[in-house]
Amino acid sequence: MMSDSDYGRRTLDFLETHALSAEPIHYWVVHEFLQGRNEELVRAVDDRINMGKPFDAYFVLDMYERFVAGAAFRQFRGMGDDMEKLLGGLIENLRAADRSASGFQDSLNANIARLERDNDPTGLKAVAQNLLKAAVAANANNEALQRNLETTEQEAQQLRSELEKQRRESITDALTGLLNRRGMEVEMTHVFNTTQEVPAALLVLDIDHFKNINDTYGHAVGDVVIRRVAEMLSGMVPSDAVSARFGGEEFVVLLPGASPHQAHLIGEKIRESIEKLRLVRRHDKLAISAFTISIGVAARSVSDTFDHLFERADKALYDAKTGGRNRVVMA
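Bear in mind the structure is a predicted one, so any value in this text is a computation, not a measurement.

Asks: Just to check I follow, could you spell out the pairing of strand β2 (residues 242–247) for this structure?
Replies: The side chains of a regular strand alternate, first on one face of the sheet and then on the other. Across the six residues of β2, five count as buried, placing the element largely inside the fold. Looking at chain direction, β2 and strand β3 (residues 250–256) are connected through five bridges and run antiparallel. Across the sheet, residue G247 finds its bridge partner in β3, namely E250.

Here you go:
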């Protein structure tokens, strides 16, 4: 059996063989693959290598989002939800106790005043006064508890904010600011579950001949191209659209409430804008060759799951690619 250090050395050798840096995500994915316990990851990587396709940073990020980060993200999200429920219940229970103690003290005050008015025996009045002292002491303790509670609640709010920040980072593509693949699955499943009767359409978009851009101008320019496409998508789709970078140079946009015709028009608007886009490399003012995008569109039917809808839109994208690229094709 290999030790952790053996796996570590094999991981670094594998990364070096494929000209990948040893940054955490690269290291994590390759380490998981070499250990062999994540069967889906192993199968996907083996298929990639057997087909002779490059084992590059884009593929590694895709593997991370599909097969490595998912379980950790779901566990993390559940932990945050459970903690928030626990804190919320505790805070409400303590506030209820504080209200009860204050109410008891008010009631005692009122009854002592009544005793004084009615000239009741001194012994009964003394008992009531003793009870009042106990209530006052309990209420003082509750006031101190309330002050501590307010501090704790502020700290809990900060922790909730930090959890939400971490959650957003775990489902956001760092390069574009769009949802990543994992975030897309989470958000689109939510949309499908809450808008079952509402029309919707899905766009699957892919930058044409993107490998040529990377080979000609380098990956830094390739990253700029991806970011500009993402920015244009964000600015051209409705505010309720769910946009994600699916992986590499591929994007997905869900359009709730859109008819097939509306979705096709949006796709054409995006395609035409990308076709007209002109970029200049900043450091040497080199004009980057124009590039285009192909788009597959599918309208959701009542029985569609997200996976079914995506399959049809992806097939339409394939038809757009094989049909000459730089076009929008309806499923």
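Asks: In this structure, what is going on with the side chain of Q35? I would like to understand it.
Replies: Relative to the elements of secondary structure, Q35 occurs in helix α2 (residues 24–35). At 2.9 Å, the side chain of Q35 forms a polar contact with the side chain of R37.

Asks: Looking at this structure, how should I read the sheet that holds strand β1 (residues 200–207)?
Replies: Two modes of strand pairing occur in sheets, parallel and antiparallel, and in both the strands are linked by backbone hydrogen bonds. Across the sheet, which stays open at both edges, the five strands sit in the order β2-β3-β1-β6-β7 with mixed pairing between neighbours. For this open sheet the edge positions go to β2 and β7 (328–330), each flanked by a neighbour on one side alone. The sheet shows a mean angle of 20 degrees between the axes of neighbouring strands, direction not considered. Relative to strand β6 (residues 293–299), β1 runs antiparallel, the two being bridged by seven bridges.

Asks: I tried to follow the environment of L34 on my own but got confused; where do I start?
Replies: Along the polypeptide, L34 turns up in helix α2. Assessed through its relative accessible area of 15%, L34 is described here as buried. Between the alpha carbons of L34 and R10 there is a distance of 7.9 Å; along the sequence they are 24 residues apart.

Asks: Whenever I open this one, α2 confuses me. Can you help?
Replies: With 12 residues, α2 extends 16 Å from end C-alpha to end C-alpha; this agrees with the ideal 16 Å at 1.5 Å per step. Of all the residues in α2, the buried ones are H26, V29, V30, H31, F33, L34 and Q35. The positive-phi residue at the C-terminal boundary of α2 is G36, with phi of around 80 degrees.

Asks: What's the story with the pattern of salt bridges in this structure? I'm lost.
Replies: Side-chain pairs of opposite charge can arise where the charged atoms are in close proximity. Summed over all chains, the structure comprises 14 salt bridges. Residue D62 is joined to R181 by a salt bridge in which the shortest nitrogen-to-oxygen separation is 2.8 Å. Here the residue D62 occupies a position in helix α4 (residues 57–118), and R181 occupies one in helix α6 (residues 181–194), the gap between them amounting to 119 residues. Residue R181 is classed as buried on the basis of its relative accessible area of 11%. Among the ionic pairs, R271 bridges to E272, the shortest N-O distance being 3.9 Å.

Asks: Even after reading the chapter, I still don't get the nonpolar core, so can you show me in this structure?
Replies: Generally speaking, nonpolar side chains in soluble globular proteins are found buried as a group. One finds L203 and I270 to be the most contacted residues of the largest nonpolar core, which totals 35 residues. Mapped onto this core, the elements with two or more residues apiece are β1, α7 (210–217), α8 (219–236), β3, α9 (260–276) and β6. Of all the elements, α8 adds the most residues to this core, at eight residues. Once residues within four sequence positions are removed from consideration, L203 is found in contact with F251, V252, V253, L255, A263, I266, G267, I270, I295, G296 and V297. Counting residues in each nonpolar core, the second largest holds 20 residues, with L179, A244, F246 and F310 among its members.

Asks: How should the packing of α8 against α9 be read in this particular structure?
Replies: Two numbers describe a pair of packed helices, the interaxial angle and the distance between the axes. It is at 11 Å that the axes of α8 and α9 come closest, and there the two elements cross at 140 degrees. Regarding α8 and α9, the two cross each other, and that crossing is right-handed. The residues of α9 that touch α8, namely those facing V229, M232, L233 and M236, are I266, K269, I270, S273 and I274. For the contact of α8 with α9, the residue count by class is seven nonpolar, one polar and one charged.

Here is what the cut-offs are and how they apply
- Residues numbered from 1 in each chain as written.
- Predicted model: local features only at pLDDT ≥ 70, side-chain atom pairs only at ≥ 80, totals over all residues.
- Heavy atoms only, no water.
- Buried < 20%, exposed > 50% of the residue type's maximum accessible area, 1.4 Å probe, protein only.
- Helix = DSSP H or I, 4+ residues; strand = E, 2+ residues; numbered from the N terminus.
- Pairing = 2+ DSSP bridges.
- Polar contact = N/O pair within 3.5 Å; in protein donor to acceptor, adjacent residues only side chain to side chain.
- Axes fitted to C-alpha atoms, helices over the stretch in contact; angles between N-to-C directions.
- Expected span 1.5 Å × (residues − 1).
- Salt bridge = Lys/Arg side-chain N within 4 Å of Asp/Glu carboxyl O.
- Core = buried A, V, L, I, M, F, W, Y, C linked by side-chain atoms within 4.5 Å.
- Contact = heavy atoms within 4.5 Å.
- Left-handed = near helix turned anticlockwise from the far one by under 90°.
- Nonpolar A, V, L, I, M, F, W, Y, C, P; charged D, E, K, R; others polar.

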